[in-house]
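Chain and residue survey
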Amino acid sequence: MKRKFIVVIVAVLVIFFSVIFILFNDNDVDKETNDIGNYGDWYGLLGHTNLLIFPEKIDDDAINVEYYYYNEVTILSESCCVFLKCEYNSEDYEKEVERLGKIDNIKYCENIYDYESYVSMLGNEENEYALLCENKTIVYLFTRNYKDIENIDKVVNQKYLNKNSESGTKEESFSIYQFDNHNNYKYWPESYNY
């Protein structure tokens, strides 16, 4: 009898807190778009990043541009993805590679991914990097728990997401963003500071 009572109390508490979370959760951060016109509209991104890898704006001369933004909060996790793919002319490509190389504490890597890359964050949950692909194309990518995003493989080619398992090297997790306070993250919503 006592055990049944405890199970009922626990179930009621779980339901109560779930309802409270749903009612008071700032769901204005949930967003999904591939509209290039929304590029840079990242307020509410629940990632420990300032997205320094990404250009401030998409170059007017870039061609074959692809963009995707996803940010979702659930009771169990936050899932995010910012993806940009741009093909540049020779001059703009060189300028962009130079900009990437000047980001403080950025790591240039040849063997983490299948392409040469500039990596600003490498971890189990969160990753941020730019891949230098063929045809003067750069793929910029930030992910947090991307495997929880239902249709990620339909939007972002898997070859850009996978680490190079054949390289034989094991990289340590790191981030150029070492903030103690969520207020230092440019896009983090105030309602989620904890």
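Heads up: these notes are all about the structure in this document. (Residues numbered from 1 in each chain as written. Predicted model: local features only at pLDDT ≥ 70, side-chain atom pairs only at ≥ 80, totals over all residues. Heavy atoms only, no water.)

Quick notes on the overall build of the protein
Selection rule: Starting at the N terminus, helices and strands are each numbered in turn, a helix being any DSSP run of H or I of at least four residues and a strand any DSSP run of E of at least two. Relative accessibility under 20% of the residue-type maximum defines a buried residue, over 50% an exposed one, and the middle range a partly exposed one, all with a 1.4 Å probe and only protein chains included. Each accessible area value is a Shrake-Rupley result obtained with a 1.4 Å probe; residue values ignore everything except the protein chains displayed when judging cover.
When its secondary structure is counted, the protein shows four helices and eight strands. Looking at the protein as a whole, 44% of its 194 residues are labelled buried. Surface summary for the protein: the accessible area is close to 11,700 Å², and the carbon and sulfur share equals 50%.

Digging into a nonpolar patch on the surface
As a reminder, the rule being used: Within the patch definition used here, like charges are joined within 9 Å and nonpolar side chains (Val, Leu, Ile, Met, Phe, Trp, Tyr) within 5 Å, considering only residues with over 30% relative accessible area and no salt bridge. Salt bridges are identified by distance alone: a Lys or Arg side-chain nitrogen within 4 Å of an Asp or Glu carboxyl oxygen.
A cluster of nonpolar side chains, F5, I6, I9 and V10, forms an exposed patch at the surface whose accessible area comes to about 380 Å². Note on placement: I6 falls in helix α1 (residues 2-24).

Regarding helix α2 (residues 90-101)
What sets the pattern is the α-helix's 3.6 residues per turn: residues three or four places apart point alike. Condition: Here a helix's expected span is defined as the number of its residues, less one, multiplied by 1.5 Å. Arc definition: it is the arc formed by the directions from the helix axis to the C-beta atoms. Throughout, a contact is declared for two residues whenever any of their heavy atoms are within 4.5 Å. Two N or O atoms count as a polar contact when they lie within 3.5 Å, although within protein this holds only if one can serve as hydrogen donor and the other as acceptor, and sequence-adjacent residues are included solely when both atoms are side-chain atoms.
Spanning 12 residues, α2 covers 17 Å between terminal C-alpha atoms, matching the ideal 16 Å at 1.5 Å per step. Those residues of α2 not exposed but buried are D92, Y93, E96, V97 and L100. For α2, the arc enclosing every buried residue in end-on projection is 135°, short of the 170-degree limit, so these residues lie on one face. The inward-facing, buried residues of α2 contact β5 (116-122), β6 (126-133) and β7 (137-144). Where α2 begins, the side chain of N89 points an oxygen toward the backbone nitrogen of E91, at a separation of 3.2 Å.

Details of the packing of aromatic side chains
Rules: Each Phe, Tyr or Trp ring, with Trp reduced to its six-membered ring, pairs with another whose centre is within 6.5 Å; inter-plane angles below 30 degrees give stacked pairs, above 60 give edge-to-face pairs, and intermediate values give tilted ones. Two limits define a charge over a ring: the Lys NZ or Arg CZ must be within 6 Å of the ring centre, and within 35 degrees of the ring normal.
Inspection of the entire model under this criterion finds nine aromatic pairs. A ring pair is formed by Y39 and W42, whose centres lie 5.0 Å apart and whose planes are at 80°; its orientation type is edge-to-face. Of the two residues, Y39 and W42, both sit in the buried class. Consider the rings of Y113 and Y129, whose centres lie 4.0 Å apart with planes at 25°: the pair is stacked. Linking Y113 in the loop between β4 (107-109) and β5 with Y129 in strand β6, this pair joins segments that are 16 residues apart in sequence. Stacked on the ring of F174, the Lys or Arg K107 has its end atom at 4.1 Å from the ring centre.

What about the side chain of T33?
With respect to the element layout, T33 can be found in strand β1 (residues 31-33). Within the structure, the side chain of T33 is placed 3.0 Å from the backbone nitrogen of D35, a separation counted as a polar contact. What T33 contacts, discounting residues up to four positions off in sequence, is N38, Y67, Y68 and Y69.

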